[in-house]
Amino acid sequence: MIRVGIGYDSHRFAEGRPLILGGITVPHTHGLTGHSDADAIAHALTDAILGAAGAGDIGRLFADTDPRWKGADSIVLLRAAHGVVLAKGWRFVQGDITVLCEQPKLGRYFPQMADRLAQALDVSSEVIGLKAKTNEGMGWIGRGEGVATIAVATVERAP
Ligand code: MG
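Below, the structure is looked at part by part. (Residues numbered from 1 in each chain as written. Predicted model: local features only at pLDDT ≥ 70, side-chain atom pairs only at ≥ 80, totals over all residues. Heavy atoms only, no water.)

**Comments concerning the coordination of the magnesium ion**
Think of it this way: four donors in a tetrahedron around the metal ideally sit 109.5 degrees apart, and six in an octahedron ideally sit 90 or 180 degrees apart. To keep things clear, this is the line we draw: Here the coordinating atoms are restricted to nitrogen, oxygen and sulfur within 2.8 Å of the metal centre, or 3.2 Å for Na, K and Ca, and because water is not among them the sites may look incomplete. Here a strand is any run of E in DSSP of at least two residues, a helix any run of H or I of at least four, and the numbering for each starts at the N terminus.
Here the magnesium ion is held by the protein donor atoms Asp9 (OD), His11 (NE2) and His43 (ND1), which lie 2.2 Å from it. Here the donor residues of the magnesium ion share one chain and are spaced in sequence as D-x1-H-x31-H. Taken together, the residues aspartate 9 in strand 1 (residues 2-14) and histidine 43 in helix 1 (residues 40-52) connect sequence positions 34 residues apart.

**Quick look at the side chain of aspartate 39**
Threshold: The term polar contact refers here to a pair of N or O atoms within 3.5 Å; inside protein, the definition further demands a hydrogen-donor-capable atom paired with an acceptor-capable atom, and it admits residues adjacent in sequence only when both atoms are side-chain atoms. The criterion used for residue contact is that any of the two residues' heavy atoms lie within 4.5 Å.
With respect to the helices and strands, the residue aspartate 39 is situated in the loop between strand 4 (31-32) and helix 1. At 2.9 Å, the side chain of aspartate 39 and the backbone nitrogen of glycine 22 are in polar contact. Beyond its immediate chain neighbours, meaning those up to four positions away, aspartate 39 contacts Asp9, Ile20, Leu21, Gly22, Gly23 and Ser74.

**Some thoughts on the pairing of strand 7 (residues 146-157)**
As a reminder of what qualifies: Pairs of strands are assigned from DSSP output, requiring at least two bridges between the strands.
Pairing analysis gives 11 bridges linking strand 1 to strand 7, with the strands arranged antiparallel. When the sheet's bridge partners are listed, arginine 3 is paired in strand 7 with valine 155. Inspection of the sheet shows strand 5 (residues 90-100) paired to strand 7 by 10 bridges, in the antiparallel sense. Bridged to leucine 100 within strand 7 is alanine 148.

**Re helix 3 (residues 74-87)**
The line we're drawing: Under the convention used throughout, the expected extent of a helix is 1.5 Å for every residue step, that is, one less than its residue count. Burial here depends on accessible area, computed with a 1.4 Å probe over protein chains only, as a share of the maximum for the residue type. Under 20% is buried, over 50% is exposed, and the range in between is partly exposed. Directions drawn from the helix axis to the C-beta atoms are what define this arc.
Relative to the 20 Å expected for 14 residues at 1.5 Å per residue, helix 3 spans 20 Å between its end C-alpha atoms, a close match to the ideal helical length. Taken together, the buried positions of helix 3 are occupied by Ser74, Ile75, Leu77, Leu78, Ala81, His82 and Val85. The buried side chains of helix 3 occupy one side of the element, clustering within an arc of 155° when seen end-on. Exposed side of helix 3, more than 90 degrees from the buried face: Val76 and Ala87 are the residues found there. As for helix 3, its buried residues are in contact with helix 1, helix 2 (58-61), strand 5 and helix 4 (110-121). N-capping of helix 3 is provided by aspartate 73, with a side-chain oxygen placed 2.9 Å from the backbone N of isoleucine 75.

Structural data, given as structure tokens:
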């Protein structure tokens with residue numbers, strides 16, 4: 001038995017923050033703002049997995065008003081969310097992720113990101129798909145104001 005979930009996340013660029021995406025630090029002039037490390041890739045994938053398992057969403061598990069999650073490593077949150085999914089009798093199988101931003105170019109970092117995301121979920125990095133798109137200069141993404149990510153995940157009934 002297989003189920004599918006979708007996740008979306010966005011964060012705004014700001015100066016003086018490291019850019020953390022897919023669990024790695026990407027060299028860039030700006031980072032992303034947020035209560036945690038603002039890793040939009042990890043957050044979208046987390047929501048997709050939670051959604052697939054009918055286990056709520058990242059904001060319910062890790063409220064952005066809770067001081068425990070201030071500056072949190074989103075890879076740790078991803079692993080913890082998968083723990084909730086496992087406890088409900090589901091296991092992550094595969095994820096496919098599209099990142100939208102004009103800059104920086106992310107493709108060369110995808111192998112490292114896939115490794116980190118896969119490690120957090122105890123799977124092979126081959127089951128993590130990562131794709132990058134610009135928004136062709138349109139809207140807030142096109143103006144370089146932030147990053148958006150869409151993720152789809154499948155889970156299977158854990159034996
Ligand atoms: Mg987020």
